[in-house]
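# Structural overview for review
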Amino acid sequence: MTTLASESNGKQPGRPLVQNALALSHEYARLLVRPGDTVIDATCGNGGDTEFLADLVGPDGHVIGFDIQSEAIARTTDRLQKAGLLARCELHVASHDRMAERVPPGVRVVLFNLGYLPRGNHAIGTRSETTLPALDQALALLSVGGAVLICLYYGGDSGFEEYQAVLDHIRTLPVRQFAVQKIEMANATNCAPIFICCEKLQD
Ligand SMILES: C[S@@+](CC[C@H](N)C(=O)[O-])C[C@H]1O[C@@H](n2cnc3c(N)ncnc32)[C@H](O)[C@@H]1O
């Protein structure tokens, strides 16, 4: 679990305001998601983000989750069941580049926590061939005011190809339609993941 600055009453000494890209994605989701919203977890993994989103949308909201690994969907299902949140979630063992076939437009947030499954096979990570089409589908599904939130890893087992492809792609999004932010740790000594928010300004 990440520590969120907004959960504490002010900043803790010796700790950054927001710890990392994942915590930033959660902070942005908190700003955006309202009770009753429909949101997508494009990479369920161990279900931490799915559980977080399911809590945010409340009992009348809806979370649609995707992962290509049945092991990940099983872990996510188990986690949601234990948290009493499974009824508001719909999980698919499917690649996120099929989301447009399964989800109607009108989505508030799509979260991509890219990379490989922690405690899983590091060789089955996200790849630009499917990430970029999924990203475009997610942007098309957003309602105005919604956003695609991305935690983007690079170096190590993630390599650099997907990182570069995503950065190149988001730079091409039309400025009238999307406000695109990229936040990175400018003085990190390792390959700290970066956070990207693509907010839809108009259809
Ligand atoms: C960093 S993990 C996600 C972490 C997760 N959100 C959590 O809270 O534990 C990335 C996940 O993306 C999944 N993945 C890889 N390629 C995918 C694809 N094309 N469509 C959907 N999920 C994919 C992997 O199987 C892995 O479980």
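Each chain has its residues counted from 1, following the order in which its sequence is written. Reporting in this predicted model follows two pLDDT cut-offs: at least 70 for local features of residues, and 80 or more for side-chain atom pairs to be given and counted; totals over whole chains, interfaces and linings ignore these cut-offs and use all residues. Heavy atoms from the whole structure form the basis of all side-chain values; hydrogens and water molecules are not counted.

Attention shifts here to the pairing of strand β3 (residues 89-93). At least two DSSP bridges between two strands are required for those strands to pair. Helix and strand labels come from DSSP, where a helix needs a run of H or I of at least four residues and a strand needs a run of E of at least two; each type is numbered from the N terminus. As paired elements, strand β2 (residues 62-67) and β3 share five bridges and run parallel to each other. Across the sheet, G65 pairs through a bridge with L91, a residue of β3. Orient the strands so they point away from the viewer; a crossover is then right-handed if the path from the first strand over the helix to the second runs clockwise. In this region the chain leaves β2, passes through helix α3 (residues 70-83) and returns to the parallel neighbour β3; the handedness of that crossover is right-handed.

On to the site of the ligand, then. Whether a residue is near a molecule or strand depends on its heavy atoms: it is near if one of them lies within 4 Å of it. As a matter of local geometry, the ligand sits amid 24 residues, with T43, D49, D67, Q69 and H96 nearest to it. Any pair of nitrogen or oxygen atoms within 3.5 Å is treated as a polar contact; in protein, a donor-acceptor pairing is required on top of that, and neighbouring residues in sequence qualify only through side-chain atoms on both sides. D67 places a side-chain nitrogen or oxygen 2.7 Å from an oxygen atom of the ligand. Here, Shrake-Rupley sampling with a 1.4 Å probe gives the accessible areas, and only protein chains in the shown set may cover a residue. Burial of the ligand by the protein chains amounts to 94% of its free accessible area of 610 Å². Polar here means any residue outside two lists: the nonpolar Ala, Val, Leu, Ile, Met, Phe, Trp, Tyr, Cys and Pro, and the charged Asp, Glu, Lys and Arg; Gly therefore counts as polar. Here the residues of the shell around the ligand are counted per class, giving nine nonpolar, 13 polar and two charged.

Next up on the list: the environment of C197. Relative to the elements of secondary structure, C197 occurs in strand β7 (residues 194-200). C-alpha of C197 to C-alpha of S25: the two residues are 172 residues apart in sequence and 8.0 Å apart in space.

With that settled, the discussion passes to unusual backbone geometry. The backbone of R119 shows a phi angle near 60°, a positive value even though the residue is not glycine. With respect to the element layout, R119 can be found in the loop between β4 (107-113) and α5 (128-141). Only protein chains enter the accessibility calculation, which uses a 1.4 Å probe; a residue whose area is less than 20% of its type maximum is buried, one above 50% is exposed, and one in between is partly exposed. Of the residues examined, R119 reaches a relative accessible area of 65% and is grouped as exposed.

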